[in-house]
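For reference, the chains in residue letters:
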Amino acid sequence: MKFIAMLLMLYTMFIGGNSPYKNAMGQIVKTDDGSKAENHINHNLVGEDPLLLNVVLKRKYLDGEVSEETVHETIWALEDFWAKYETWQLVDMDEDKLVFETMVDDISPLLKINGFFGLTQDGTLSIFNGNPDQADIIQSFFQIDIKKLEGKKHLQLKQGIPVKTKEIYTEVLETMKQYSLEKQKEKKPN
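Residues numbered from 1 in each chain as written. Predicted model: local features only at pLDDT ≥ 70, side-chain atom pairs only at ≥ 80, totals over all residues. Heavy atoms only, no water.

Concerning the overall build of the protein
Consideration 1: Looking only at helices and strands, one finds 6 helices and 10 strands in the protein.
Consideration 2: Counting over 190 residues, the protein shows a buried share of 39%.
Consideration 3: When the accessible surface of the protein is totalled, it reaches about 11500 Å², and 48% of it is carbon and sulfur. (Helix = DSSP H or I, 4+ residues; strand = E, 2+ residues; numbered from the N terminus. Buried < 20%, exposed > 50% of the residue type's maximum accessible area, 1.4 Å probe, protein only. Areas by Shrake-Rupley, 256 points an atom, 1.4 Å probe, with all protein chains shown as cover.)

Structure representation (structure tokens):
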């Protein structure tokens, strides 16, 4: 419990102390199980032996994919540890691991490598893992009015449009929204 109390105390110190855990040296710190541990630690140093901790890093991409990486941290100075992950959000914690999360303003590596925009048989705009004729759908968006879709765009979607960048991803989605059946339903008066 001493370990968790120390991590929580230091975490609240860096996020502004808006939690039930006190953040000043020598104050009582409430732990996850409701017990209290008196805090008499140095804010910078962990002690003679380093803390060994598993850190799970979750990255959420624009396309909805989530990647997860586990790193093993040897922590000598807690201040350095929290500074290292200051751009991440702590979402879960237990005695032997911390889980951090971040939003990545890009598409996932999977899409960059092998993602293709295409149409399903019912005309739904989707991203496929490989060419659209392989039918391995990664993500689906909305149904397209095929009759209103230009011949060139229809042919491109049949062959598959590679999703190599965030710009291509957003451009194709924006372009295809005008052919969406849902958008056309919104325009019709009741």
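Let's talk about the sheet that holds strand β10 (residues 161-162)
Consideration 1: Strand order in this open sheet of 4 strands is β9-β8-β7-β10, and the pairing throughout is antiparallel. On the outer flanks of this sheet lie β9 (137-143) and β10, each paired with one strand and no other.
Consideration 2: Sheet topology places strand β7 (residues 115-119) next to β10; 2 bridges connect them, and they run antiparallel. Bridge pairing in β10 links Phe116 to Pro162. (Pairing = 2+ DSSP bridges.)

What about a negative patch on the surface?
Consideration 1: Together, Asp92, Asp94, Glu95 and Asp96 line one region of the surface with negative charge.
Consideration 2: When you line up the elements, Asp92 lands in strand β5 (residues 89-94).
Consideration 3: Residue Asp92 is classed as partly exposed on the basis of its relative accessible area, which comes to 43%. (Patch = residues over 30% accessible without salt bridge, like charges linked within 9 Å, V, L, I, M, F, W, Y side chains within 5 Å. Salt bridge = Lys/Arg side-chain N within 4 Å of Asp/Glu carboxyl O. Lys, Arg positive; Asp, Glu negative; His and termini not counted. Charge placed at Lys NZ, Arg CZ, Asp CG, Glu CD.)

Considerations on the pattern of salt bridges
Consideration 1: Under the counting rule described, the total for this entry stands at 8 salt bridges.
Consideration 2: Among the ionic pairs, Glu150 bridges to Lys153, the shortest N-O distance being 3.6 Å.
Consideration 3: A salt bridge links Lys177 to Glu174; its shortest N-O distance comes to 3.2 Å. One end of the pair is Lys177 and the other is Glu174, both in helix α5 (residues 166-177) and 3 residues apart, which spans about a single turn.
Consideration 4: Residue Lys177 is classed as partly exposed on the basis of its relative accessible area of 39%.

Overview of the environment of Asp122
Consideration 1: On the secondary structure map, Asp122 appears in the loop between β7 and β8 (124-129).
Consideration 2: For the pair Asp122 and Ile146, spaced 24 residues apart in the sequence, the C-alpha separation amounts to 9.5 Å.
Consideration 3: A polar contact is formed between the side chain of Asp122 and the side chain of Thr120, at a distance of 2.4 Å.
Consideration 4: Engagement of the side chain of Asp122 in a polar contact is seen with the side chain of Thr124, the distance being 2.8 Å. (Polar contact = N/O pair within 3.5 Å; in protein donor to acceptor, adjacent residues only side chain to side chain.)

Details of α5
Consideration 1: Helix length check: α5 (12 residues) gives 17 Å between terminal C-alpha atoms against 16 Å at 1.5 Å per residue, within 8%.
Consideration 2: Turning to α5, its buried residues number three or more, namely Tyr169, Val172, Leu173 and Met176. Burial along α5 is one-sided: seen end-on, the buried residues are contained in an arc of 95 degrees. More than 90 degrees from the buried face of α5, the exposed residues found are Glu167, Glu171 and Glu174.
Consideration 3: In this structure, the buried residues of α5 make contact with α3 (109-114), β7, β8, β9, α4 (151-159) and β10. (Expected span 1.5 Å × (residues − 1). Arc of directions from axis to C-beta. Contact = heavy atoms within 4.5 Å.)

Points about the packing of aromatic side chains
Consideration 1: Per the counting criterion, the structure on display carries 8 aromatic pairs.
Consideration 2: Among the aromatic side chains, those forming a connected cluster through ring pairs are Phe81, Trp82, Tyr85 and Phe100. (Phe/Tyr/Trp six-rings, centres within 6.5 Å; stacked < 30°, edge-to-face > 60°.)

Brief notes about the pairing of β7
Consideration 1: Within β7, 5 of the 5 residues are buried, leaving the element largely enclosed by the surrounding structure.
Consideration 2: Burial along β7 is two-sided: Gly115, Phe117 and Leu119 and Phe116 and Gly118, pointing in opposite directions, are all buried.
Consideration 3: By the bridge criterion, 5 bridges tie β7 to β8 in an arrangement that is antiparallel. In the strand pairing of β8, Phe116 is matched with Phe128.
Consideration 4: Between the antiparallel neighbours β7 and β8 lie 4 residues, among them Gly123 with a positive phi of about 85 degrees.

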